[in-house]
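Each chain, written out:
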Amino acid sequence: MPIRTATARWSGNLTEGNGTIKTGKGGYEGNYSFKSRFEEGEGTNPEELIGAAHAGCFSMAFSKALSDEGFVPTSVETIAKVHLDKSDAGFSVTRIDLETVGNVPGVDADTFQKIAEDAKANCPISRLLSPGAEITLSATLS
């Protein structure tokens, strides 16, 4: 398997500096800053990128799991809401809420939910993040 890369460059101090984040193959490049991370400023932040990775990984894993059970999805769309909280120890990602909607012909609601939970538990990004963050799932058939 290939090794995936990304780069980040930061200039200046924490609150007034700024930076750029870029994926290895150039699929994404964006600016980030203190305001985009801890306030509502323009640009991205590490937590959004973790959310994008998790939503993408889960959507692929769920699609595969559905297909493996004979239910080829028309689409799977997932939102990942990443919670960055401050404690006495500092900032931590404490929870990620996955909200997915699947257009899956022929599957019943119970089977859909079971496959969704299995996909949540087995997607590589969930396995990476679950020891340190709670991961919740809301799965809806469209």
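The preceding data block contains the structure.
What counts, and at which threshold
Residues numbered from 1 in each chain as written. Predicted model: local features only at pLDDT ≥ 70, side-chain atom pairs only at ≥ 80, totals over all residues. Heavy atoms only, no water. Pairing = 2+ DSSP bridges. Helix = DSSP H or I, 4+ residues; strand = E, 2+ residues; numbered from the N terminus. Axes fitted to C-alpha atoms, helices over the stretch in contact; angles between N-to-C directions. Buried < 20%, exposed > 50% of the residue type's maximum accessible area, 1.4 Å probe, protein only. Contact = heavy atoms within 4.5 Å. Polar contact = N/O pair within 3.5 Å; in protein donor to acceptor, adjacent residues only side chain to side chain. Phe/Tyr/Trp six-rings, centres within 6.5 Å; stacked < 30°, edge-to-face > 60°. Core = buried A, V, L, I, M, F, W, Y, C linked by side-chain atoms within 4.5 Å.

What is the right way to read the sheet that holds strand β3 (residues 29-33) from this model?
In sheet architecture, strand pairing relies on hydrogen bonds along the backbone and comes in two forms, parallel and antiparallel. Spatial strand order, β1-β2-β3: three strands in an open sheet with antiparallel pairing. In the strand order of this sheet, the two ends are held by β1 (6-11) and β3, each with one partner. Taking each pair of neighbouring strands and ignoring which way they run, the sheet shows an average axis angle of 20 degrees. Taken together, the five bridges between strand β2 (residues 18-23) and β3 define a ladder with antiparallel strand orientation. What sits directly across from K22, in β3, is E29.

So what exactly am I meant to see when it comes to the environment of D85 here?
Turning to its location among the elements, D85 is positioned in strand β4 (residues 75-87). Look at D85 and you get partly exposed, because its relative accessible area is 36%. Along the primary structure D85 and R95 are separated by ten residues, whereas in three dimensions their C-alpha atoms are 8.9 Å apart. Here D85 is in contact with G90, F91, S92 and T94, once residues within four sequence places are set aside. Polar contacts involving the side chain of D85 include one to the side chain of T94, which spans 2.4 Å.

I would appreciate a short explanation of the packing of aromatic side chains in the present structure.
Given two aromatic rings, one states the distance between the centres and the angle between the planes to describe the pair. On inspection of all chains with the given rule, the structure shows five aromatic pairs. With a centroid separation of 5.0 Å and 45 degrees between ring planes, the pair formed by F34 and F38 is classed as tilted. Separated by four residues within a single helix, F34 and F38 lie in helix α1 (residues 34-38), roughly one turn from each other. Ring pairing ties together the aromatic residues F34, F38 and F91, which thus form one cluster.

What is the right way to look at the sheet that holds strand β5 (residues 90-103) in this model?
What the three strands build is an open sheet, ordered β4-β5-β6; its pairing is mixed. Lying at the two open borders of the sheet, with one neighbouring strand each, are β4 and β6 (134-141). Looking at each pair of strands side by side, their axes are set apart by 15 degrees on average, direction ignored. Sheet topology note: the β4/β5 ladder contains 13 bridges and is antiparallel. Paired with L84 across the two strands is V93, which belongs to β5. Across the sheet, helix α2 (residues 46-68) touches β4, β5 and β6, and the angle it forms with β4 is around 145 degrees. Running over the sheet, helix α3 (residues 109-122) touches β5 and β6 and is turned about 150 degrees from β6.

Where do I start with the nonpolar core in this structure?
Ranked by internal contacts, the top residues of the largest apolar core, which has 21 residues, are F58, F62, L66, L98 and F112. Within the residue set of this core, elements represented by two or more residues are α2, β4, β5, α3 and β6. For this core, the element with the most residues is α2, which contributes five residues. Beyond its immediate chain neighbours, meaning those up to four positions away, F62 contacts V76, T100, F112, I115, A116 and A119.

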